[in-house]
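Each chain, written out:
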Amino acid sequence: MTTKIALITGGTTGLGASICETLADAGYHVFANHLPLIQEQALAFQQEQQQQQRNIELIAADVTDHQSCIDMAEEIATKKGAVSILVNNAGITRDATIKKLTAENWQKVIDTNLTGLFNVSKPIVEQMRDQGFGRIVNISSVNAQRGQFGQTNYSAAKAGVHGFTKALAQETARYGITVNTVSPGFIATDMVKTIPEDQ
């Protein structure tokens, strides 16, 4: 494998930012995906990384938009080549008990945390299959197994990540592509800090 390219969704904040830093330090050309709406925040992250001698390239795409993800994969392939490592990290919370949970906030979490997994993985898997190598890591959560009060949407989406991972791993193994899930506990990211302390 001559080209070492990594794509991390939700890569400019929290856990995603740390993953970008680690892979950049390991010698990968890192693409940090971010929502188009947070361009200024993403540029600030990139500038911080440049001060640390890390060259992390930004790439804007909305993981809930299938065509946006196809365009992102094509842009990376045109600029640098096929992706070797994909970390599906993008995620959001919209916590509420089922009594208060709106259909809109149910759908937003499913669209980002689960459907986004499909939208990004599909075009990247095609690149990996063509090159005969790939590593996909999907970020789930301990709450996928145990559930969490006020997180039916989030827990359901993250449980879906496990099923998606197990099925995709069986499909792609013959092409030299592995697919795994990591289920972090509570890490002091901006997203987790919004969860009440008693939870």
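The residue count restarts for each chain, going from 1 along the sequence in the order it is written. With the structure being a predicted model, the display of local features is reserved for residues of pLDDT at least 70 and the display and counting of side-chain atom pairs for 80 or more, all residues being used for whole-chain, interface and lining totals. Only hydrogens and water are removed before side-chain values are computed, so all heavy atoms of the structure are retained for them.

(A) Structural context of the packing of aromatic side chains. Here a Phe, Tyr or Trp ring, Trp counted by its six-membered ring, pairs with any other such ring whose centre lies within 6.5 Å, and the pair is stacked when the planes are under 30 degrees apart, edge-to-face when over 60, and tilted otherwise. Applying the stated criterion across every chain, the model contains 0 aromatic pairs. The criterion is that NZ of a Lys, or CZ of an Arg, lies within 6 Å of the ring centre and within 35 degrees of the ring normal, and then a charge sits over that ring. Over the face of the ring belonging to Y28 we find K4, whose NZ or CZ atom lies 4.8 Å from the ring centre. Sitting above the plane of the Y175 ring, R129 keeps its charged end 5.6 Å from the centroid.

(B) Representation of the nonpolar core. The criterion is simple. A nonpolar core is a set of buried Ala, Val, Leu, Ile, Met, Phe, Trp, Tyr and Cys residues joined through side-chain atoms within 4.5 Å. The buried label applies to any residue whose accessible area, calculated with a 1.4 Å probe on protein chains only, is under 20% of its type's maximum; exposed applies above 50%, and partly exposed to all values in between. Residues L7, I76, V83, L86, V120, I124 and I136 are the most contacted members of the largest nonpolar core, which totals 21 residues. Each helix corresponds to a stretch of at least 4 residues labelled H or I by DSSP, and each strand to a stretch of at least 2 residues labelled E; elements are numbered beginning at the N terminus. Listing elements by their share of this core, those giving two or more residues are strand 1 (5–8), helix 3 (66–79), helix 4 (103–131) and strand 6 (177–182). By definition in these notes, contact holds between two residues if any of their heavy atoms fall within 4.5 Å. Ignoring any residue separated from it by four or fewer positions in sequence, one finds V83 in contact with I5, L7, I76, I124, Q127, M128 and Q131.

(C) Here's a closer look at the pairing of strand 5 (residues 134–139). Where strand 4 (residues 85–88) meets strand 5, 4 bridges bridge the pair, whose relative direction is parallel. Pairing of L86 across the sheet is with I136, part of strand 5. Assessed by its sense of winding, the connection that carries the chain from strand 4 through helix 4 to strand 5 is right-handed. Note: strand 5 against strand 6, 6 bridges, orientation parallel. We treat two strands as partners when DSSP finds at least two bridges between them. The crossover handedness rule: strands pointing away from the viewer, path from first strand over the helix to second strand clockwise, crossover right-handed.

(D) Fine view of the pairing of strand 2 (residues 29–34). Within strand 2, 6 of the 6 residues are buried, leaving the element largely enclosed by the surrounding structure. Every second residue of strand 2 is oriented toward a common face, with H29, F31 and N33 on one face and V30, A32 and H34 on the other, all of them buried. For strand 1 and strand 2, the ladder comprises 4 bridges, and the chain directions are parallel. Among the inter-strand pairings, A6 is bridged to a residue of strand 2, identified as V30. Handedness of the crossover joining strand 1 and strand 2 through helix 1 (residues 14–25) is recorded here as right-handed. Here strand 2 pairs with strand 3 (residues 56–60) via 5 bridges, running parallel. Each bridged residue has a counterpart across the sheet, and for F31 the counterpart in strand 3 is E57.

(E) Region of the structure containing the side chain of T9. With respect to the helices and strands, the residue T9 is situated in the loop between strand 1 and helix 1. Exposure remark for T9: the relative accessible area of 1% places this residue in the buried category. Throughout this description, a polar contact denotes any pair of N or O atoms lying within 3.5 Å of each other; where both atoms belong to protein, one of them has to be capable of donating a hydrogen while the other can accept it, and for residues adjacent in sequence the pair is counted only when both atoms sit in side chains. Only 2.8 Å separates the side chain of T9 from the backbone nitrogen of N89, close enough to count as a polar contact.

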